[in-house]
Amino acid sequence: MEAYEHKFSSVISKIKQYQPEPEDAAGLTDDIMQKVRNLPRTQAPKTLVWFRVISGAAAIFLVGLFLFQSEGSEVKTTNSGSALLHFRKSGIDSACFQGTKLDESNLLKTYACYLKKNTIENNRFKNIKQTSEN
Amino acid sequence: MQIHPQTLQNCIEQSLKNDEKAFRTIVESYQDMVYTLAFRLVCHQEEAKDVVQETFIRVWIHLHRYRHDMKFSTWVYAIATNICLDKLKSKKYRFDLGKADFTMIDQLISEEKADDKLLSSEMAEIIQALTNELSPKQKVVFALRFFEDLEVEEIVKITGMSAAKIKSNLFLARKYIREKLERQ
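A brief look at the structure comes next. Since we're looking at a predicted model, the values are computed, not measured.

What counts and what doesn't
- Each chain has its residues counted from 1, running along the sequence as written.
- Each chain is given a letter, starting from A, and each ligand a number, starting from 1, according to the order in which they appear as written.
- Given that this is a predicted model, residues contribute local features only at a pLDDT of at least 70 and side-chain atom pairs are listed and counted only at 80 or more, while totals for whole chains, interfaces and linings are drawn from all residues.
- For the purposes of this entry, the term helix denotes a DSSP run of H or I that reaches at least four residues, the term strand denotes a run of E that reaches at least two, and both are numbered from the N terminus.
- Partly exposed residues are those falling between the two cut-offs: more than 12 but fewer than 20 other C-beta atoms within 10 Å of their own, whereas 20 or more means buried and 12 or fewer means exposed, with C-beta atoms placed from the backbone.
- Contact between two residues is assigned when their C-beta atoms, built from the backbone, lie within 7 Å.
- Here a nonpolar core is just a set of buried residues of the types Ala, Val, Leu, Ile, Met, Phe, Trp, Tyr and Cys, joined wherever their C-beta atoms sit within 7 Å.
- Here the expected span of a helix is defined as 1.5 Å times the quantity of residues minus one.
- Three classes are used: nonpolar for Ala, Val, Leu, Ile, Met, Phe, Trp, Tyr, Cys and Pro, charged for Asp, Glu, Lys and Arg, and polar for all others, with Gly counted as polar.

## Describing the overall build of chain A
The secondary structure content of chain A amounts to 6 helices and 0 strands. Shown N-terminal to C-terminal, the secondary structure of chain A runs as helices and strands in the order α-α-α-α-α-α. Counting only residues that meet the buried cut, chain A has 7% of its 134 residues in that class. In chain A, the proportion of contacts linking residues at least 24 apart, taken out of those at least 6 apart, comes to 6%.

## Observations concerning the nonpolar core
Counting residues in hydrophobic clusters, the biggest one holds 52 residues, and the most contacted among them are Val34(B), Ala38(B), Val42(B), Val51(B), Ala80(B) and Cys84(B). Setting aside its immediate chain neighbours within four residues, Val42(B) contacts Glu47(B), Ala48(B), Val51(B), Cys84(B), Lys87(B) and Leu88(B).

## As for helix α7 (residues 120-131) of chain B
Look at α7(B): 16 Å from first C-alpha to last across 12 residues, which is about the 16 Å you get at 1.5 Å a residue. Within α7(B), the full set of buried residues consists of Met123(B), Ala124(B), Ile126(B), Ile127(B), Ala129(B), Leu130(B) and Thr131(B).

## A closer look at the interface of chain B and chain A
Each partner contributes to the interface: chain B provides 35 residues, whereas chain A provides 28 residues. Among the secondary structure elements, those contributing two or more residues to the side of chain B that touches chain A are α2 (20-42), α3 (45-62), α6 (103-109), α7, α8 (136-147) and α10 (163-183) of chain B. It is α2(B) that contributes the most residues to the side of chain B that touches chain A, 10 residues altogether. Class assignment for the residues of the side of chain B that touches chain A results in 21 nonpolar, 6 polar and 8 charged.

Structure (structure tokens):
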């Protein structure tokens, strides 16, 4: 064990002591500078930052638009499918149209029932109610 | 060549404004450091020179990405290490290395040869004989820890590996080298 440790540290220290140098250090520097001179410097950062901000905002907008649209389409589907489901979704009490078939349901009557139940009445509603009864 | 931190800072700022003279100062200051690391990793003079060139080209191109929370030398080391790692991983390079002569290590230990009389090619052969059975990652970690005397925390920054992974690579590397030295 000790022999190995001695051998190991001896080899490592010899390698560390040896400082390799390129044959022509100045020439190597010149070569590097020559290559660098012909390289186009990337000026991406500022453009990239703006690109990231704009694309990020666009992505958020698109996701928002998608969510908004998909919510709208959900209401449409339920509208054409079941009136009960639609009113449940919109928060109207189902007691207002219980027992009525979909093709027989009168939306205004149902709405009037809902408003009555919740004691929400105004002048405009009265006009609508009269129109529907006529 | 040592460079004062303030001078380095100025040189970086000037280099970002395409000042070639400032960049030349950076190259001259870090060229030897990169060459030494590259030579110890790729064990070949010409290959090491290629690594130096490639490293400083990347430094020039990506200088705007340098963040001051890291030492500049660590950042340069990281670039050079990545280039060396790619070389070590390439099949062509592994094929070119061939078999290393282990008798050189014995000569080195027995001090038959003074350090200053060693040729670059001989030292390359010694390092190669010592590390040729290591995987590229083990070789990189081993060289950074034992030849360059860097702490594990700095190796973490350079290689991007976790401290645990670095320690396990170091353990395995030492195990291989130990077996090799004991076989002699």
